[in-house]
Amino acid sequence: MTAPLSVRPRALAQVGALSRRAVVGLLREFPLLLPGILFPLVFVAINAGSFTKSLPLLRACCYPELDSFVTFTLASSVVQGVLFGSVQGATGLATDIEQGFFERMLASPVNRTAILVSRLAGAAFLGALQALLFAVVLTIFGARVAAGAAGYAVLIVSGALIALGFGALLAAMAIKTGSAEAVQSTFPLAFVLLFASSAFFPRETMTGWFRTLADWNPLSHITEGLRDLVIDGWSWSAALNALDLPLAVTAVGIVLALVALRRRLAAS
Amino acid sequence: MQERPPVLAEGLVRHFGDVRAVDGVDLQVRTGEIFGFLGPNGAGKSTTVRMLTTLLRPSAGRAWVAGFDVVAEADAVRRSIGVALQDAAIDPLMTGSELLDLQGVLYGLPREHARRRAGELLERVGLTAAASRRVGTYSGGMRRRLDLALSLIHAPTVLFLDEPTTGLDPMSRLSLWEEVRRLNAEGTTVLLTTQYLEEADQLAGRIAIIDRGRIVREGDPKDLKAAVGSPTLFVDVPTGQAPLAREVLARFGDARPSPEGTLGVGLAGGAGAMSDVVRALDEAGVQLDHMELKAPSLDDVFAEATGHRLEGAAEAAPVEAAGPPKRRGRRGR
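Residues numbered from 1 in each chain as written. Chains lettered and ligands numbered in written order. Predicted model: local features only at pLDDT ≥ 70, side-chain atom pairs only at ≥ 80, totals over all residues.

The helix and strand tally for chain B stands at 11 helices and 13 strands. Put simply, chain B has 333 residues, and 50% of those count as buried. If you take every contact in chain B between residues at least 6 apart in sequence, the share linking residues at least 24 apart comes to 70%. (Helix = DSSP H or I, 4+ residues; strand = E, 2+ residues; numbered from the N terminus. Buried ≥ 20, exposed ≤ 12 C-beta atoms within 10 Å, placed from the backbone. Contact = placed C-beta atoms within 7 Å.)

Here is the structure:
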């Protein structure tokens, strides 16, 4: 009888291989990603058609430099698409648990944290890809990013961070429930969160309880940071607004996901 | 060097709330043997295997696999064993080749080595042509063969197969049996759980029968069957005549558990007593619908040990059937 070939595996190599699997899996289920790509684009098309006359209002209230409604919607399209994409990424983790692939990994000498980190890395990669896609498509249709290349870079990094942050929160849910259905049930919630933010209209145009809701909604803060970069041009404060909250959500999400993972492993 | 046997369990217990799924299992698997863990659904087979493969913590008791403690040295256990679990899915979106590559990384194999090993294993399980196809397009048999290949990527010394042929068609089952025998002949110690009597009988050099979380019999299947002694006569009679038939049959041996609607008796006089039974039933006015004499089988061993038959047990060989000698796993050294 020969000795087993396995040596102490390197966690980084495991993260790399599992991240590749996460991305490949998501891309091979492309039809499931379509709503996250098409919905924002359809919204842009509808809004650009319906609200073009509101352009003077938007200029008067908040963005004097605004050149088109498509430019106005670029930031919200990125946030919207990436948010939907992160639901899909976490669903993959829940599906792994449901179908037993998670257990297969646990039976191997895989670093337990690598299972989670790789899923999140996959989600971040997809988020960046989606942000790039929206930026390119809307630029083709007339959007202009006033902050230039740096603005595009922040859009992409922010997309990755939003996917990472919300992906981590949803991953915590996936690990806790082990149910793909439970994770997917957050999809409508993502819609509600978006509509109750300044993603589609500036807060300055809102009144009453809806305005209060939008004031407290983290998506308002993220969208406005990105929108300032897109419409007004580069400023460190806008870049920080686009990145600080996603970073905070990422930190909280990762802690919650790690706690959920530890609890799940301890319960077995 | 391993001082302990490849698998050693002492008083393993696992609770799920109030349910004691595994209730003090002692187990020893010897180097180089195929050990069959036989029992019905819910008997505690898979829970025991999940504890031995580090997927579940024992509530009490200890176990060592490949010489390592399954709790304190879980990582070393994982690097030494191969596991093909009944419920462990294979990602349908990946190709067979991609999954083997991934498995190689998870076990820390150098890339080139892993790739070469993956090629060998695909060849071995007959999946070379399907290697670049997504697993979602594989048949059940192909998935099980891939599952086996995945569990072998790091050339484990101990292989755990949890119900490896459940749901497979007869041809796929035979093909998997052949592969398990081949692996065993090459020196891999195999612990397989099964609810199929024939599978345990065909493959295992030694078996343990588990029922309601406890091991009720353990040993060489041949010896266990011999210990049951007499063959079992199964008799079908019209429902109203069952009490009378039972009375007659009691003269020829002890009643044995039997499928519903059938009476079973251990024929103390062996096959030679059959004509006497027929005559006695006839004289008592019992109408015989069907009768069948079966050599002691693992189902009889199970029935004798537990008082009930193994679900779906239909593989007991008729006395008259003289098959080729059965191949067994390599005996313990």
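Before going further, it helps to spend a moment on the overall build of chain A. The helix and strand inventory of chain A stands at 12 helices and 0 strands. The order of α-helices and β-strands along chain A, N terminus first, is α-α-α-α-α-α-α-α-α-α-α-α. For a compact globule of 268 residues, the expected C-alpha radius of gyration is about 18 Å, and chain A comes in at 20 Å, within 12% of that figure. Expressed along its principal axes, the backbone C-alpha trace of chain A runs to roughly 80 × 35 × 35 Å. (Rg over C-alpha atoms; globule rule 2.2 N^0.38 Å.)

To continue, consider the environment of R111 of chain B. All names here are of chain B. You can see R111 is positioned in helix α4 (residues 111-124). Looking at R111, the number of C-beta atoms within 10 Å reads 12, which means it is exposed. Counting along the chain gives 10 residues from R111 to L121, while the straight-line C-alpha distance between them is 15 Å.

All names here are of chain B. Strand order across the open sheet formed by 3 strands is β12-β11-β13, with antiparallel pairing between neighbours. Of all the strands in the sheet, just β12 (263-266) and β13 (290-294) have a single pairing partner and so form its edges. With direction set aside, neighbouring strand axes in the sheet form an average angle of 20°. Across 4 bridges, the pairing between strand β11 (residues 232-236) and β12 is antiparallel. Across the sheet, L233 pairs through a bridge with V265, a residue of β12. Those strands touched by helix α9 (residues 242-249) are β11 and β12, and its axis lies near 5° from that of β12. (Pairing = 2+ DSSP bridges. Axes fitted to C-alpha atoms, helices over the stretch in contact; angles between N-to-C directions.)

You'll often see interface size given as the accessible area lost when the parts meet. Listed as interface residues are 28 residues of chain B and, on the opposing side, 28 residues of chain A. Going through the elements one at a time, α2 (74-80) and α3 (96-106) of chain B are the ones with two or more residues in the side of chain B that touches chain A. Looking at the side of chain B that touches chain A element by element, the count peaks at 4 residues for α2 of chain B.

It is worth spelling out the sheet that holds strand β5 (residues 68-69) of chain B at this point. Overall, antiparallel pairing links the 4 strands, which are arranged β2-β1-β4-β5 (chain B) in an open sheet. Both edges of this open sheet fall to β2 (19-29) and β5 of chain B, since each of them pairs with a single strand only.

Time to look at the nonpolar core. Grouped together as the largest cluster of nonpolar side chains are 158 residues, with contacts concentrated most on A171 of chain A together with V65 and A149 of chain B. Here A171 of chain A is in contact with A90, L93, L116, R119, L120 and A257 of chain A, once residues within four sequence places are set aside. Ranked by size, the runner-up nonpolar core spans 13 residues in total, among them V248, L263, V265 and A273 of chain B. (Core = buried A, V, L, I, M, F, W, Y, C linked by C-beta atoms within 7 Å.)

As a further point, take the environment of R134 of chain B. Residue and element names in this part refer to chain B. Assignment of secondary structure puts R134 in the loop between α4 and α5 (140-151). Since 15 C-beta atoms lie within 10 Å of it, R134 is described here as partly exposed. Here the alpha-carbon distance between R134 and V83, two residues 51 residues apart in the chain, equals 22 Å. Leaving out residues up to four positions away in the same chain, R134 has contacts with P92, L93, M94 and T95.

A few words now on the pairing of strand β10 (residues 214-219) of chain B. Residues and elements named next belong to chain B. The pairing of strand β9 (residues 206-211) with β10 spans 5 bridges and is classified as antiparallel. Paired with A208 across the strands is E218, a residue of β10. Hairpin geometry of β9 and β10 is characterised by an intervening segment of 2 residues between the two adjacent antiparallel strands and by a positive phi of about 50° at R212.

What follows deals with the packing of helix α2 (residues 30-50) of chain A against helix α4 (residues 69-99) of chain A. Residues and elements named next belong to chain A. Close contact between α2 and α4 brings their axes to 9 Å; oriented N to C, the two are set at 160°. Put simply, α2 runs roughly antiparallel to α4. For the crossing formed where α2 meets α4, the hand is right-handed. Packed against α2, whose contacting residues are L32, L33, P35, G36, I37, F39, P40, V44, N47 and A48, the element α4 presents F69, V70, T73, S77, Q80, G81, F84, G85 and Q88 at the interface. Residue classes in the contact of α2 with α4 are distributed as 11 nonpolar, 8 polar and no charged. (Parallel < 35°, antiparallel > 145°, perpendicular 65-115°, else oblique. Left-handed = near helix turned anticlockwise from the far one by under 90°. Nonpolar A, V, L, I, M, F, W, Y, C, P; charged D, E, K, R; others polar.)

This part covers unusual backbone geometry. Residues and elements named next belong to chain B. Phi is positive for E163, which is not a glycine, with a value near 45°. Classification of E163 by C-beta neighbours within 10 Å gives buried; the count is 21. With a phi close to 50°, R212 is a non-glycine residue in the positive phi region. For R212, the position within the fold is in the loop between β9 and β10.

This brings us to helix α6 (residues 170-185) of chain B. Residue and element names in this part refer to chain B. Compared with the 22 Å implied by 1.5 Å per residue over 16 residues, the 23 Å span of α6 between its first and last C-alpha is a close match. Of all the positions in α6, only R173, L176, V180, L183 and N184 are classed as buried. Down the axis of α6, the sector holding all buried residues measures 95°, keeping them to one side. Opposite the buried face of α6, at more than 90 degrees from it, the exposed residues are M171, E178 and R182. Taken together, the buried residues of α6 touch β3 (34-38), α5, β7 (158-162), β8 (189-194) and α7 (197-203). A positive backbone phi angle near 115° is found at G187, which sits one or two residues after α6. (Expected span 1.5 Å × (residues − 1). Arc of directions from axis to C-beta.)

All names here are of chain A. Between the first and last C-alpha of helix α12 (residues 236-267) there are 46 Å, a value that for 32 residues agrees with the 46 Å anticipated at 1.5 Å per step. Those residues of α12 that sit buried are A238, A239, N241, A242, L245, P246, V249, T250, G253, I254 and A257. Next to the buried residues of α12 lie α6 (112-140), α7 (148-177) and α11 (218-232).

Time to look at the pairing of β9 of chain B. Residues and elements named next belong to chain B. Of all 6 residues in β9, 6 are buried; the element is thus mostly enclosed. Neither face of β9 is exposed, since R206, A208 and I210 on one face and I207, I209 and D211 on the opposite face are all buried. Bridge analysis of β3 against β9 gives 4 bridges, and the strand direction is parallel. Its bridge partner lying in β9, G36 is registered against I207.

Residues and elements named next belong to chain B. Between helix α8 (residues 221-228) and helix α11 (residues 298-306), the least distance of the axes is 9 Å, while the angle of their chain directions is 60°. On the basis of their axis angle, the class for α8 and α11 is oblique. By crossing handedness, the relation of α8 to α11 is classed as left-handed. For the pair α8 and α11, the contacting residues are P221, L224, K225 and V228 in the first and L298, D300, V301 and E304 in the second. Partitioning the contact of α8 with α11 into residue classes produces 5 nonpolar, no polar and 3 charged.

Keep in mind these values describe shape, not function.
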